Amino acid sequence: MKVGVPKEIKTHEYRVGLTPGAVREYVTAGHKVQVETNAGAGIGSTDDDYRRAGATILDSAREVFASSEMIVKVKEPQPSEWVQLRENQILFAYLHLAPDPDQANGLLNSGCTAVAYETVTDAQGALPLLAPMSEVAGRLAIEAAGTALKRYTGGRGLLIGGVPGVQPARIVVIGGGVVGTHAARMAIGLGAEVTVIDRSIPRLRELDELFQGRARTKFSTIDSVEEEVFSADVVIGAVLVPGASAPKLVSRQMLSSMRKGSVIVDVAIDQGGCFETSHPTTHADPTYEVDGVIHYCVANMPGAVPLTSSHALNNATLPFGLSLANNGFAAILENPHLRAGLNVYRGRLTYKAVAESLKLPFSPIEQAAA
């Protein structure tokens with residue numbers, strides 16, 4: 001199969017769909033890999049590195065899209081990219097369609113087959129292609145919060161870990177999944193006072209055991225969320241409903257009772273965000289203020305550390321990508337985990353949570369492929 005890797009064009013997105021090491025695996029398996037020139041510049045990989053791995057270097061994204069049977073990306077296709085997709089072409093990337101009707105319509109109109117990293121599953125029902133970026137984003141969330149708390153950025157002027165005799169920051173993590181766990185771990189390591197809120201009692205037990213009393217755990221109710229958010233210096237939004245829009249757990253009204261100069265980091269912004277006042281930002285302009293509360297809502301947080309992120313992502317995506325390259329659409333029909341990743345097929349939405357969020361018709365894969 002001809003596999004294409006265009007350069008990412010989202011603002012300050014430096015990751016790459018395939019590293020040179022991953023390209024070598026595809027080429028060894030008998031596939032032709034076509035990489036846009038300078039696609040790997042953000043991770044320090046030159047065109048010559050890709051050539052040595054067996055790739056062909058093309059001069060433009062247009063050439064990559066036009067001549068490839070499968071496109072491997074990191075972030076969702078931008079408007080100039082989705083118009084280049086076509087029927088019988090496979091797109092393998094993060095999509096996050098639920099809060100993005102424009103992209104959804106673009107993919108539907110293209111007729112392509114779109115497999116979303118974020119809904120591919122594994123034998124345990126987990127999301128193995130989302131997990132590595134969730135790990136990165138969870139850790140970065142605390143770094144971002146530390147910067148946003150500084151007085152010159154509009155924050156309270158608070159050091160996350162405090163110093164002897166001075167209280168550290170109070171950090172509340174809403175959601176105890178991969179993002180929340182890694183955010184809590186980083187915050188604990190810096191010496192913050194940490195609370196994790198989640199709706200799963202078994203998960204709260206696991207977190208209590210994991211952190212051995214270094215973080216408090218609370219069951220999520222309206223009262224508990226309000227109580228913790230109102231007294232927090234930092235609130236990390238780490239809620240995930242696979243494929244669907246994130247629930248809004250902190251309302252605009254609640255902001256008026258939060259501390260002035262406190263910080264919200266909405267890691268769920270790719271799925272629409274879990275704070276009512278959230279809207280996507282970029283690394284070029286990452287924060288804004290609403291009612292005295294600083295909001296950090298960068299939609300591609302792991303793009304800030306592309307070397308770490310690209311290799312972590314490729315480690316996870318490689319076996320699934322090779323399966324698609326080896327077997328085409330048949331891989332999706334034969335592998336239930338890839339089938340879970342299928343969001344769009346020939347003009348139909350095949351992931352129920354996405355269809356429900358967008359209020360569009362849902363077509364089970366059996367019906368869509370009939």
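Bear in mind that the values here come from a model prediction, so they are computed numbers and not experimental data. (Residues numbered from 1 in each chain as written. Predicted model: local features only at pLDDT ≥ 70, side-chain atom pairs only at ≥ 80, totals over all residues. Heavy atoms only, no water.)

Caption draft 1: Quick peek at the overall build of the protein chain. Counting its secondary structure elements, the protein chain contains 15 helices and 15 strands. For a compact globule of 370 residues, the expected C-alpha radius of gyration is about 21 Å, and the protein chain comes in at 21 Å, within 12% of that figure. Principal axes of the C-alpha set define a box for the protein chain whose edges measure 60 × 45 × 35 Å. The 370 residues of the protein chain split such that 56% are buried. Looking at the protein chain alone, contacts between residues at least 24 apart form 63% of all its contacts between residues at least 6 apart. Carbon and sulfur atoms make up 51% of the accessible area of the protein chain, which totals about 15,200 Å². (Helix = DSSP H or I, 4+ residues; strand = E, 2+ residues; numbered from the N terminus. Rg over C-alpha atoms; globule rule 2.2 N^0.38 Å. Buried < 20%, exposed > 50% of the residue type's maximum accessible area, 1.4 Å probe, protein only. Contact = heavy atoms within 4.5 Å. Areas by Shrake-Rupley, 256 points an atom, 1.4 Å probe, with all protein chains shown as cover.)

Caption draft 2: The arrangement of the state of the cysteines in detail. The final tally for this structure, using the stated rule, is zero disulfides. Cys274 provides the cysteine sulfur closest to Cys297, a residue in no disulfide bond, and the two sulfurs are 9.1 Å apart. (Disulfide = S-S within 2.5 Å.)

Caption draft 3: Representation of the pairing of strand S12 (residues 287-290) in the model. Burial along S12 is one-sided: the residues Tyr288 and Val290 are buried and none of Thr287 and Glu289 is. Taking the residues between adjacent antiparallel strands as the criterion, S12 and strand S13 (residues 293-296) are bridged by two residues, where Asp291 takes a positive phi near 55°. (Pairing = 2+ DSSP bridges.)

Caption draft 4: Examining the layout of surface pockets more closely. Its boundaries defined by the atoms lining it, the largest pocket holds a volume of some 620 Å³. Lining the largest pocket are 33 residues, with Leu130, Ser134, Val179, Leu240 and Val267 positioned closest to its centre. Contributing elements (two or more residues each) for the lining of the largest pocket: helix H6 (131-148) and helix H7 (178-189). No other element matches the four residues that H6 contributes to the lining of the largest pocket. A per-class count over the lining of the largest pocket returns 21 nonpolar, seven polar and five charged. Taken as a whole, the second largest pocket spans an internal volume of roughly 300 Å³. If you go around the second largest pocket, you meet 19 residues; those closest to its centre are Lys10, Ile269, Asp270, Pro280 and Ala299. (1 Å grid on protein atoms, 1.4 Å probe; cavity = no way out; pocket = protein on both sides within 12 Å on 5 of 7 lines; lining within 4 Å. Points joined across faces, edges and corners; volume = space filled by probe spheres on them. Nonpolar A, V, L, I, M, F, W, Y, C, P; charged D, E, K, R; others polar.)

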